[in-house]
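Results of the structural survey
Here are the chains, one letter per residue:
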Amino acid sequence: MQARGRLIGLGVGPGDPELITLKALRLLRESPVVAYFVAKGKKGNAFGIIEDHLVPQQTLMPLVYPVTTEVLPAPMSYEQVISDFYDAASVDVAVHLDAGRDVAVICEGDPFFYGSYMYLHDRLAERYEAQVIPGVCSMLGGASVLGAPLVYRNQSLSVLSGVLPHDDLKRRLADADAAVIMKLGRNFPKVRQVLEELGLAKRALYVERATMANQKIVPLDQVDPASSPYFSLIIVPGERWQG
């Protein structure tokens with residue numbers, strides 16, 4: 001009986017190609033199949049990180065998102081459309097695994113930190129050997145380029161989604177010693193308003209595409225809400241402690 005291939009979730013870092021780990025790089029080069037999530041017509045950030053490390057004999061497997069926005073016309077449901085997509089992608093990946101080929105699924109940042117890989121993992125890891133290689137996540141890349149220590153001593157860090165409703169976001173931020181707010185994009189105006197209401201706007205730091213070649217650091221009050229990209233985040237560092 002032919003051995004099955006391994007499912008490998010590879011965290012490739014936040015954007016700077018030098019922030020991929022040695023282990024992720026080794027497994028990437030060893031994998032006969034390299035899968036990556038991508039929007040239609042795009043190359044994708046994660047693929048751009050690893051492109052120069054690929055070899056001609058590897059099979060590339062783009063997993064093309066059917067939609068890139070959660071706001072869809074009725075009666076379409078984003079949750080159903082994207083769930084069906086992950087179901088179909090899992091079937092396609094399983095074809096290679098059943099044929100004995102390892103499949104490295106690359107993931108920007110870390111596979112288990114808002115990573116698309118996790119949805120394949122949930123569908124396949126019970127049936128196939130799965131190995132996950134952690135990566136430098138975007139919030140740590142953001143903290144480093146902003147020069148902002150996240151938490152001191154016994155402080156706690158809250159990681160929040162900008163998609164949260166206004167009141168939920170405000171409540172959670174009010175209780176946080178320090179926070180990272182992700183998934184901005186069209187949610188940016190709401191997030192900035194909450195920060196202003198809580199008196200946190202002056203402490204908040206904003207960065208777009210942290211560690212990437214087109215990285216951009218902008219004062220919060222100068223960010224154009226219409227142009228805030230998905231790959232942006234806000235950090236509210238913990239209060240400084242003089243140790």
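What you see is a predicted model, and the numbers here were worked out from it, not measured in a lab.

Quick notes on the rules
Throughout this document, residue positions are counted from 1 along each chain, in the order its sequence is written. Reporting in this predicted model follows two pLDDT cut-offs: at least 70 for local features of residues, and 80 or more for side-chain atom pairs to be given and counted; totals over whole chains, interfaces and linings ignore these cut-offs and use all residues. Excluded from the side-chain calculation are hydrogens and water; included are all heavy atoms of the structure. Strands were regarded as paired on the criterion that DSSP finds at least two bridges between them. The helix and strand labels rest on DSSP assignments: H or I over at least four residues marks a helix, E over at least two residues marks a strand, and numbering proceeds from the N terminus. Interaxial angles span 0 to 180 degrees and are taken between N-to-C directions of axes, which are lines fitted to C-alpha atoms, for helices over the stretch in contact. Residues are treated as being in contact if the distance between any of their heavy atoms lies within 4.5 Å. We call a set of buried residues a nonpolar core when its members are Ala, Val, Leu, Ile, Met, Phe, Trp, Tyr or Cys and they connect through side-chain atoms within 4.5 Å of each other. The rule is simple: take the accessible area with a 1.4 Å probe, protein chains only, and divide by the maximum for that residue type; under 20% is buried, over 50% is exposed, in between is partly exposed. Reported domain spans reflect what an automatic or database domain assignment gives. Summed over both partners, the accessible area lost on bringing two parts together, with a 1.4 Å probe, is the buried area. Every case where a carboxyl oxygen of Asp or Glu lies within 4 Å of a side-chain nitrogen of Lys or Arg is listed as a salt bridge.

1. With respect to the sheet that holds strand 6 (residues 157-161)
Across the sheet, which stays open at both edges, the 5 strands sit in the order 6-7-10-8-9 with mixed pairing between neighbours. The strands lining the two open edges of the sheet, one partner per strand, are strand 6 and strand 9 (216-218). Adjacent strand axes in the sheet meet at a mean angle of 20° when their direction is disregarded. Examined bridge by bridge, strand 7 (residues 178-182) and strand 10 (residues 232-236) share 3 bridges and lie antiparallel to one another. The residue bridging Ala-179 from the neighbouring strand is Val-236, located in strand 10. Strand contacts of helix 5 (residues 138-146): strand 6, strand 7, strand 8 (205-208), strand 9 and strand 10, with the helix running at about 65° to strand 10, the strand carrying the most contacts.

2. Focus on the nonpolar core
A general tendency of soluble globular proteins is for nonpolar side chains to be buried together. Counting 21 residues, the largest nonpolar core has Phe-37, Leu-63, Val-93 and Val-105 as the members making the most contacts within it. Of all elements in the fold, only strand 2 (33-39), strand 3 (59-65), helix 3 (78-98), strand 4 (103-107) and helix 4 (117-124) reach the threshold of two or more residues within this core. Counting residues per element, this core draws most heavily on helix 3, which supplies 7 residues. The residues touching Val-105, leaving out its near neighbours within four places in the chain, are Leu-7, Ile-8, Gly-9, Leu-10, Ala-35, Phe-37, Tyr-117 and Leu-120. If you look at the next biggest cluster of nonpolar residues, it comprises 20 residues, including Leu-160, Leu-173, Ala-179 and Ile-181.

3. A closer look at the domain arrangement of the protein
Partitioning the protein into structural domains gives domain 1 (7-136) and domain 2 (139-236). Of the residues lining the interface, 11 residues belong to domain 1; the matching set on domain 2 comes to 13 residues. A combined buried area of about 900 Å² lies between domain 1 and domain 2, and 66% of that area is made up of carbon and sulfur atoms. Counting every contact that joins domain 1 to domain 2 gives 0 salt bridges.

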